[in-house]
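# Observations on chain architecture
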Amino acid sequence: MSNELEQKRQEFFKKLLSYNLTTYFITFHPTEAPKFGLVKRPIFTNEPTPLAIPFKWDYATLRKLLYELAELLRPEEAERRQVQLVNPGLRELPYVGVIAISPTIFAAIQLVKAGEVAPSHYHTPNAFRFILEAPPTGAYTIVNGRRIIMHRGDVVLTPSWSWHDHRNEGESDVIWLDGLDAPLIWYMGGIFYKNYSEIYKVDKQPISHTEEDILATYGSGLKPEKDDIGVYNPLLYYPYSKAKEGLTKLSEKSNVDESEGIVLRYINPLNGEDAFPTMSLKIRIIKPKSQTHQIRKTEHIVFVGVEGYGTIEVKGEKFNIQPNDIVIIPPWEKYRIVNNDDKPLILFSYSDEPLFRKVGIYKEEILK
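Summarised in this report is the structure supplied together with it. The shown structure was predicted, so the numbers you read here are calculated from the model rather than taken from an experiment. (Residues numbered from 1 in each chain as written. Predicted model: local features only at pLDDT ≥ 70, side-chain atom pairs only at ≥ 80, totals over all residues. Heavy atoms only, no water.)

## Concerning the overall build of the chain
Counting secondary structure elements, the chain contains nine helices and 24 strands. On C-alpha atoms alone, the chain measures out to a radius of gyration of 23 Å, which is about the 21 Å that the 2.2 N^0.38 rule sets for 368 residues. In terms of its C-alpha atoms, the chain occupies a principal-axis envelope of roughly 75 × 55 × 45 Å. Across the 368 residues of the chain, 49% fall into the buried class. Across the chain, the fraction of contacts at a sequence separation of at least 24, relative to all contacts at a separation of at least 6, is 72%. (Helix = DSSP H or I, 4+ residues; strand = E, 2+ residues; numbered from the N terminus. Rg over C-alpha atoms; globule rule 2.2 N^0.38 Å. Buried < 20%, exposed > 50% of the residue type's maximum accessible area, 1.4 Å probe, protein only. Contact = heavy atoms within 4.5 Å.)

## Let's talk about the pattern of salt bridges
For side chains bearing opposite charge, pairing can occur when the charged atoms are close. Applying the stated criterion to the full structure yields 27 salt bridges. Notably, a salt bridge pairs Lys35 with Glu32, separated by 3.2 Å at the nearest N-O pair. Note on Lys35: relative accessible area 59%, which makes it exposed. For Glu32, a relative accessible area of 22% puts it in the partly exposed group. Of the charged contacts in the structure, one is a salt bridge between Lys297 and Glu260, with a shortest N-O distance of 2.7 Å. (Salt bridge = Lys/Arg side-chain N within 4 Å of Asp/Glu carboxyl O.)

## With respect to a nonpolar patch on the surface
There is a patch of nonpolar side chains on the surface, built from Tyr95, Trp186, Tyr187, Ile191 and Tyr193 and spanning about 590 Å² of accessible area. Relative to the helices and strands, Tyr193 resides in strand E11 (residues 193-195). The class of Tyr193 is partly exposed, set by a relative accessible area of 41%. (Patch = residues over 30% accessible without salt bridge, like charges linked within 9 Å, V, L, I, M, F, W, Y side chains within 5 Å. Areas by Shrake-Rupley, 256 points an atom, 1.4 Å probe, with all protein chains shown as cover.)

## Thoughts on the packing of aromatic side chains
Overall, the coordinates contain 21 aromatic pairs when judged by the stated rule. The ring centre of Tyr140 lies 5.9 Å from the NZ or CZ of Arg147, which sits over that ring. Between the NZ or CZ atom of Arg357 and the centre of the ring of Tyr362, over which it lies, the distance is 3.9 Å. (Phe/Tyr/Trp six-rings, centres within 6.5 Å; stacked < 30°, edge-to-face > 60°. Lys NZ or Arg CZ within 6 Å of the ring centre and 35° of its normal.)

## Regarding the sheet that holds E11
By way of backbone hydrogen bonds, the strands of a sheet pair with one another, either parallel or antiparallel. One open sheet holds the six strands; their spatial order is E11-E4-E9-E6-E7-E12, and the pairing between them is mixed. Each end of this open sheet is capped by a strand with a single partner; those strands are E11 and strand E12 (209-210). Sheet analysis places strand E7 (residues 146-149) next to E12, joined by two bridges and oriented parallel. Across the sheet, the residue bridging to Arg147 is Thr210, located in E12. (Pairing = 2+ DSSP bridges.)

## Focus on the side chain of Glu299
Positionally, Glu299 belongs in the loop between strand E17 (294-297) and strand E18 (301-307). Despite its burial, Glu299 pairs with no opposite charge, the nearest such side chain being Lys297 at 4.6 Å. Looking at Glu299, its side chain comes within polar contact range of the side chain of Ser351, at 2.6 Å. Discounting chain neighbours no more than four positions away, the residues touching Glu299 are Ile329, Pro330, Pro331, Tyr335, Ser351, Asp352, Glu353 and Phe356. (Lys, Arg positive; Asp, Glu negative; His and termini not counted. Polar contact = N/O pair within 3.5 Å; in protein donor to acceptor, adjacent residues only side chain to side chain.)

## Section: the nonpolar core
Most often, soluble globular proteins have nonpolar side chains that are buried together. Counting 57 residues, the largest nonpolar core has Phe128, Leu281, Phe348 and Tyr350 as its most contacted members. By size, the runner-up hydrophobic cluster in this structure holds 14 residues, among which are Phe303, Ile312, Ile329 and Leu345. (Core = buried A, V, L, I, M, F, W, Y, C linked by side-chain atoms within 4.5 Å.)

## Focus on helix H3 (residues 59-70)
Along an α-helix, a turn takes 3.6 residues, which lines up residues three or four apart on a common side. Along its 12 residues, H3 runs 16 Å from first to last C-alpha, staying within 8% of the 16 Å computed at 1.5 Å per residue. All of the buried residues along H3 are Tyr59, Leu62, Leu66 and Ala70. End-on view of H3: buried residues confined to an arc of 75°, all on one side of the axis. The exposed residues of H3 that point more than 90 degrees off its buried face are Ala60 and Lys64. (Expected span 1.5 Å × (residues − 1). Arc of directions from axis to C-beta.)

Laid out in structure tokens, this is it:
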């Protein structure tokens, strides 16, 4: 190509940009686009090349920093006192780079000390709490008037638009993992948020029901004919005791597929689908002295250690994982979970799998 033609092209591309326009050649072309500086790497590739990268956060470090933060921020001024997990592959992205563990999902660990209250609010992003540490009694979340007790390993949902506050009347602190679809909702331009006190002039909701009421209705396989609590998934509470019981019973059977470990999916009892329309939640057990097959899927998946010790092998790295450690695997990266210990390894996970399924691009490979 002549220098004259190249110069004309460059001038025209600048002209396009001045009109807030561009063209495939300088944005999507597999080999030419990166030469022009608008994109740093090709957009159209033979296989996914996600922006997020595999990464691990040690819980010991997260916890230490969370308590340092607690010395600097009071709960009433912080609204939510948490340490957010930032994927190193996203740090340069405007706005979302500092709020995202992946382009679609959020992760943080949050602290409510004994005697503290995190005031009530609502927001459009769906959220859940996976409990990492909790007192024997007294720590709970209120969701649209429903009190939900929090024990280690429990999953508590705060769906889109639902009022929720967190209270700790126990004798020790409570810490949990926050999982939200906030980056996705922000990108879509769909964030709505409001403090309870703006309307009701108080920070805490009145309690009308308990977690026992929830489990006795929606958790029983029966749906109250006239009851509607106004959220996508009314089951709000998944106790760890029931999840572990299910995993243990399945692990005793000889005909269970263990290619990904023994996996249970948290579902919405109204439709049998994922707990959220945007996020899947799962828990799995890897038996002692065993490992999964090599796995790759189109999803951003976040693993959290629950019980036991193991290793997640991905892209030439080995992430040793123990209780409360957190690891993210981006789409289409091959990984394997290894348990060389004498005790079972239990991992909780959440991902954006439902999004990939809804737009018709979900794909998986389980390789021996």
